[in-house]
Amino acid sequence: MNTQKKLYISPSLLAADYCKLGSSVQKIEEAGADFLHLDIMDGNFVPNLSFGPDIISALRPRSGLIFDVHLMINSPEKYLERFISAGADIITVHREAVNDPASLLSRIRDAKVRASMAISPATPAEEVLPYLSMLDMVLVMTVVPGFGGQKLIPETLEKVRFLRRQIDARGLDTDIEVDGGISAENAGLVTNAGANVIVAGSAIFGSPRPRQVMLAMRTAARENPYVAE
């Protein structure tokens, strides 16, 4: 049975021109993006640094996109309110960085923000199962988090399939997001596995024709739907 959910495309700001952030975001919004993926990196949880809530606050008045905030940081509970106040619509925390996931997810949901949990390639998908009923979205990292421009790890798609089966079996409406090495050429692989939110950085922000790239991704999704076993 074809149970494909609506596809959402979430271009990653990491790949934007940092000298022209406002106009770059406006360009991809006009080109048909659904979300804006905002990677927050602290140099500890991942070996790289990006930006903080001030960038989100600055962009918020300039965009109607869903702000998809991905916290690749240790102790996210310490900074949660700052990202909520900055304008996050979705907040993703890493299972590997949280000691008390249920409490943190409750705080996110109580703030009327969508709650999401991410797992890195080395983390079993089973780690998410106790929290599925609290999650609006699960993010399966398809590369090792921390840097853009990596190639998708094919084995991670088995986690997507597993989680989609588990979500459907529970009668939940949880989205599955994938992040890392995704382009129009392989978007069909991730939608066929059961993902319905695609993060792409350089494939979109780095293209002179982002609208065509996103249209190609949507075509690939239609042609490669998830089919329940």
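Here is what the cut-offs are and how they apply
- Residues numbered from 1 in each chain as written.
- Predicted model: local features only at pLDDT ≥ 70, side-chain atom pairs only at ≥ 80, totals over all residues.
- Heavy atoms only, no water.
- Helix = DSSP H or I, 4+ residues; strand = E, 2+ residues; numbered from the N terminus.
- Buried < 20%, exposed > 50% of the residue type's maximum accessible area, 1.4 Å probe, protein only.
- Contact = heavy atoms within 4.5 Å.
- Areas by Shrake-Rupley, 256 points an atom, 1.4 Å probe, with all protein chains shown as cover.
- Lys, Arg positive; Asp, Glu negative; His and termini not counted.
- Charge placed at Lys NZ, Arg CZ, Asp CG, Glu CD.
- Salt bridge = Lys/Arg side-chain N within 4 Å of Asp/Glu carboxyl O.
- Pairing = 2+ DSSP bridges.
- Right-handed = clockwise from strand over helix to strand, strands pointing away.
- Core = buried A, V, L, I, M, F, W, Y, C linked by side-chain atoms within 4.5 Å.
- Axes fitted to C-alpha atoms, helices over the stretch in contact; angles between N-to-C directions.
- Expected span 1.5 Å × (residues − 1).

## A look at the overall build of the protein
When you go through the protein residue by residue, the secondary structure sums to eight helices and eight strands. With the C-alpha coordinates aligned to their principal axes, the bounding extent of the protein is approximately 45 × 40 × 30 Å. The burial tally for the protein puts 54% of its 229 residues in the buried class. Within the protein, contacts between residues at least 6 apart in sequence are counted, and of these 67% link residues at least 24 apart. As presented, the protein carries roughly 10000 Å² of accessible surface, and 50% of it is formed by carbon and sulfur atoms. Side-chain charges in the protein split into 23 positive and 27 negative, and the spacing between the mean points of these groups amounts to 4 Å.

## Notes on the pattern of salt bridges
For the structure on display, the rule yields eight salt bridges. A salt bridge links R60 to D89; the nearest nitrogen and oxygen atoms lie 2.8 Å apart. One end of the pair, R60, is in the loop between α2 (53-59) and β3 (66-72); the other, D89, is in the loop between α3 (80-86) and β4 (90-94), and 29 residues separate them in sequence. For R95, the salt bridge goes to E127, with nearest N and O atoms at 3.6 Å. Here the residue R95 occupies a position in the loop between β4 and α4 (101-110), and E127 occupies one in the loop between β5 (114-119) and β6 (137-141), the gap between them amounting to 32 residues.

## Structural notes on the pairing of strand β2 (residues 35-41)
By the criterion of burial, β2 is predominantly enclosed, with seven of the seven residues buried. Where burial is concerned, the two faces of β2 agree: the one with F35, H37, D39 and M41 and the one with L36, L38 and I40 are both buried. With seven bridges joining them, β2 and β3 adopt parallel strand pairing. Along β3, the bridge assignment pairs D39 with H70. Handedness of the β2-α2-β3 crossover: right-handed.

## Examining the nonpolar core
Where a protein is soluble and globular, its nonpolar side chains tend to be buried together. Membership of the largest hydrophobic core comes to 67 residues, with the highest contact counts inside it found for L13, L36, L38, I91, L105, L163 and M217. What L36 contacts, discounting residues up to four positions off in sequence, is S10, P11, L13, V25, I28, L59, L65, I66, F67, D68 and F205. Formed by five residues, the second largest nonpolar core is a distinct cluster that contains M41, F45, V46 and A97.

## What about the pairing of β5?
Among the six residues in β5, five count as buried, and that is most of the element. Pairing between β4 and β5: five bridges, direction parallel. Paired with V93 across the strands is M117, a residue of β5. Handedness of the crossover is the feature at issue here: the chain leaves β4, passes through α4, returns alongside β5, and the resulting connection is right-handed. Of the strand pairs in this sheet, β5 and β6 are connected by four bridges, and their pairing is parallel. Residue M117 lies in a different strand from β6, and its bridge partner there is V138.

## Digging into the sheet that holds β2
Taken in spatial order, the eight strands of this open sheet run β1-β8-β7-β6-β5-β4-β3-β2, and their pairing is parallel. Strands at the two margins of the open sheet, each flanked by one partner only, are β1 (8-11) and β2. Geometrically, the sheet is characterised by an average inter-axis angle of 20° between neighbouring strands, direction not taken into account. Taken strand by strand, α4 contacts β4 and β5, and its axis lies near 145° from that of β5.

## Looking at helix α5 (residues 156-169)
An ideal rise of 1.5 Å per residue puts 20 Å on 14 residues; α5 measures up with 20 Å between its terminal C-alpha atoms. Where α5 is buried, its residues contact β5, β6, β7 (175-179) and α6 (187-193). Following α5 by one or two positions, G171 has its phi on the positive side, about 70°.

Read these as geometric descriptors, not functional statements.
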